[in-house]
Amino acid sequence: MSPGLPAAVLFAGSLPGHILMSLGQALVVVCLCFDFVRAVSVPRSHRRYVANTVFRTLALPSILVMAFSVLIDAASGSWQGVGAGVFVLVAVIFRWHHDTDEDSWWKGKGKALGRWLRNRAASGSMVAPATA
């Protein structure tokens, strides 16, 4: 076991650790609730657009929180927590990767961000200022 893992388990068992883990789990619950709203909403509606945008925004932080939670549970020997955490982790990853046909605010943002960075780099606004 790595030297930092027992310290992480001890921190997760402390009051600030419990608060952070509870906030992380609340984030995961909100993410899954918006995924449920997205699943039951009418296609191409505003409600589905908002739910998909929120789900796409919270999916990656939820995956990171669940991965950390599973790691802490495995290090502390809580195998029921590991099983439940892996189930939720796989479910969020599956929904994140396989439901990409929806329209959301994030659709096309990667290409737009890449174009913006290329334009900034080409215009020279990202270069260091000249020394006098």
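Description of the structure in this document. These figures come from a predicted structure and were not determined experimentally.

Before going further, it helps to spend a moment on the overall build of the protein. Assigned secondary structure in the protein consists of 5 helices and 0 strands. Element order for the protein, N to C, with α for helix and β for strand: α-α-α-α-α. Across the 132 residues of the protein, 25% fall into the buried class. Surface exposure of the protein reaches about 9,000 Å², of which carbon and sulfur atoms provide 71%.

What follows deals with the pattern of salt bridges. Scanning all chains against the criterion turns up 2 salt bridges. Residues Asp 35 and Arg 95 are paired through a salt bridge, measuring 2.8 Å at the closest nitrogen-oxygen approach. Of the two residues, Asp 35 sits in helix α2 (residues 15-40) while Arg 95 sits in helix α4 (residues 79-98), which places them 60 residues apart along the sequence. You can call Asp 35 buried: its relative accessible area is 7%. Connected through salt bridges with shared partners, the residues Asp 35, Arg 38 and Arg 95 form a single ionic network.

It is worth spelling out the nonpolar core at this point. Of all hydrophobic cores here, the largest spans 5 residues; its members are Val 28, Ile 63, Met 66, Leu 89 and Val 92. Listed by contribution, the elements that provide at least two residues to this core are α3 (46-76) and α4. Not counting chain neighbours up to four residues away, the residues in contact with Leu 89 comprise Ile 63, Met 66 and Ala 67.

Two numbers describe how helix α1 (residues 4-13) lies on α2: the axes approach to 4 Å, and their chain directions differ by 85°. What the angle tells us is that α1 and α2 run roughly perpendicular. Residues Phe 11, Ala 12 and Gly 13 of α1 form the contact with α2, whose own contacting residues are Leu 15, Pro 16, Gly 17, His 18 and Leu 20. For the contact of α1 with α2, the residue count by class is 5 nonpolar, 3 polar and no charged.

By the definition in use, this model includes 0 disulfides. This cysteine, Cys 31, is not joined by any disulfide, and Cys 33 carries the nearest cysteine sulfur, 9.3 Å off. Accessibility expressed as a relative area gives 44% for Cys 33, which makes it partly exposed.

Analysis parameters
Residues numbered from 1 in each chain as written. Predicted model: local features only at pLDDT ≥ 70, side-chain atom pairs only at ≥ 80, totals over all residues. Heavy atoms only, no water. Helix = DSSP H or I, 4+ residues; strand = E, 2+ residues; numbered from the N terminus. Buried < 20%, exposed > 50% of the residue type's maximum accessible area, 1.4 Å probe, protein only. Areas by Shrake-Rupley, 256 points an atom, 1.4 Å probe, with all protein chains shown as cover. Salt bridge = Lys/Arg side-chain N within 4 Å of Asp/Glu carboxyl O. Core = buried A, V, L, I, M, F, W, Y, C linked by side-chain atoms within 4.5 Å. Contact = heavy atoms within 4.5 Å. Axes fitted to C-alpha atoms, helices over the stretch in contact; angles between N-to-C directions. Parallel < 35°, antiparallel > 145°, perpendicular 65-115°, else oblique. Nonpolar A, V, L, I, M, F, W, Y, C, P; charged D, E, K, R; others polar. Disulfide = S-S within 2.5 Å.

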